[in-house]
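So you can see what is in the structure, the chains are spelled out below.
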Amino acid sequence: IAFMMVILFSVSCGPSSVTVGARLDAPYYERPVRPYPNYVWVEGDWIYRNGRYEYQRGYWQQPRRSRHFVAGAWIQRSNGWYWRRGRWQH
C-alpha cells in the first residue's frame, strides 16, 4: 500500500533532509545490460518530491574524470531516518 503510506511519514525538516519513521526498501528491478564496457552503474536514489520519497531507478553512466560513484544510504537519527543521496567522489 504505497510503501505503507511511506511508513507513516513522521516528517521533520532539516537543513537539506527529510526524516521518516522507517527506512524504505528499494523496489526490485533487473539492472539493464551495460551499454558500453567503460560505463559504471549508478545506484538508484530516493528523491523527496510532492511530500514523499520517490524511488529513482539506477542507470549506467560514463564515469566522470577519475571519479567513482558512492551509493546513497539511509542514515539513522534520533527522530528517524533520512536519505543521503548518492554522489560522485574522487
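What counts and what doesn't
Residues numbered from 1 in each chain as written. Predicted model: local features only at pLDDT ≥ 70, side-chain atom pairs only at ≥ 80, totals over all residues. Heavy atoms only, no water. Helix = DSSP H or I, 4+ residues; strand = E, 2+ residues; numbered from the N terminus. Polar contact = N/O pair within 3.5 Å; in protein donor to acceptor, adjacent residues only side chain to side chain. Contact = heavy atoms within 4.5 Å. pLDDT = per-residue confidence, 0-100. Salt bridge = Lys/Arg side-chain N within 4 Å of Asp/Glu carboxyl O. Buried < 20%, exposed > 50% of the residue type's maximum accessible area, 1.4 Å probe, protein only. Phe/Tyr/Trp six-rings, centres within 6.5 Å; stacked < 30°, edge-to-face > 60°. Lys NZ or Arg CZ within 6 Å of the ring centre and 35° of its normal. Pairing = 2+ DSSP bridges.

A. Here's a closer look at the side chain of D45. With respect to the helices, strands and loops of the structure, D45 is situated in strand β2 (residues 45–49). Here G86 takes part through its backbone nitrogen, which lies 3.1 Å from a polar atom of the side chain of D45. Each residue touching D45, except ones within four places of it in the same chain, is listed here: E54, Y55, Q56, G72, W83, R85 and G86.

B. Examining the confidence of the model for the protein chain more closely. The share of residues in the protein chain with pLDDT of 70 or more is 80%, and the mean pLDDT across the chain is 79. Model confidence for the protein chain, summarised as mean pLDDT per element, is weakest for helix α1 (residues 2–8) at 38 and strongest for strand β4 (residues 59–61) at 94.

C. Focus on the pattern of salt bridges. Counted under the stated rule, the structure contains four salt bridges. Across the pair R49 and E54 runs a salt bridge whose closest N-O atoms are separated by 3.3 Å. Look at E54 and you get buried, because its relative accessible area is 19%. Across the pair E54 and R52 runs a salt bridge whose closest N-O atoms are separated by 3.8 Å. Since its relative accessible area comes to 39%, R52 is described here as partly exposed.

D. Highlighting the packing of aromatic side chains. For the structure on display, the rule yields nine aromatic pairs. Between W46 and W74, the ring centres sit 6.0 Å apart and the planes meet at 50°, which makes this aromatic pair tilted. Taken as a pair, W46 in strand β2 and W74 in strand β6 (residues 73–77) lie far apart in primary sequence, 28 residues in all. What links up through ring pairs into an aromatic cluster is the set Y29, W46, Y48, Y53, Y55, W74 and W83. In this structure, R23 packs its charged tip against the face of W81, placed 5.2 Å from the ring centre. Sitting over the face of the ring of Y82, R77 holds its NZ or CZ atom 4.0 Å from the ring centroid.

E. Up close: the pairing of strand β7 (residues 80–84). When you tally the buried positions in β7, you get four out of five residues, the bulk of the element. Sheet analysis places β6 next to β7, joined by five bridges and oriented antiparallel. Bridge pairing in β7 places W74 opposite W83. Linkage of β6 to β7, two consecutive antiparallel strands, is achieved through a turn of two residues.

F. Here's a closer look at the side chain of Q61. Along the chain, the position of Q61 falls in strand β4. Among the residues examined, Q61 registers a relative accessible area of 18% and is labelled buried. Look past the residues within four positions of Q61 in its chain and what remains in contact with it is Y39, V40, V42 and W88.

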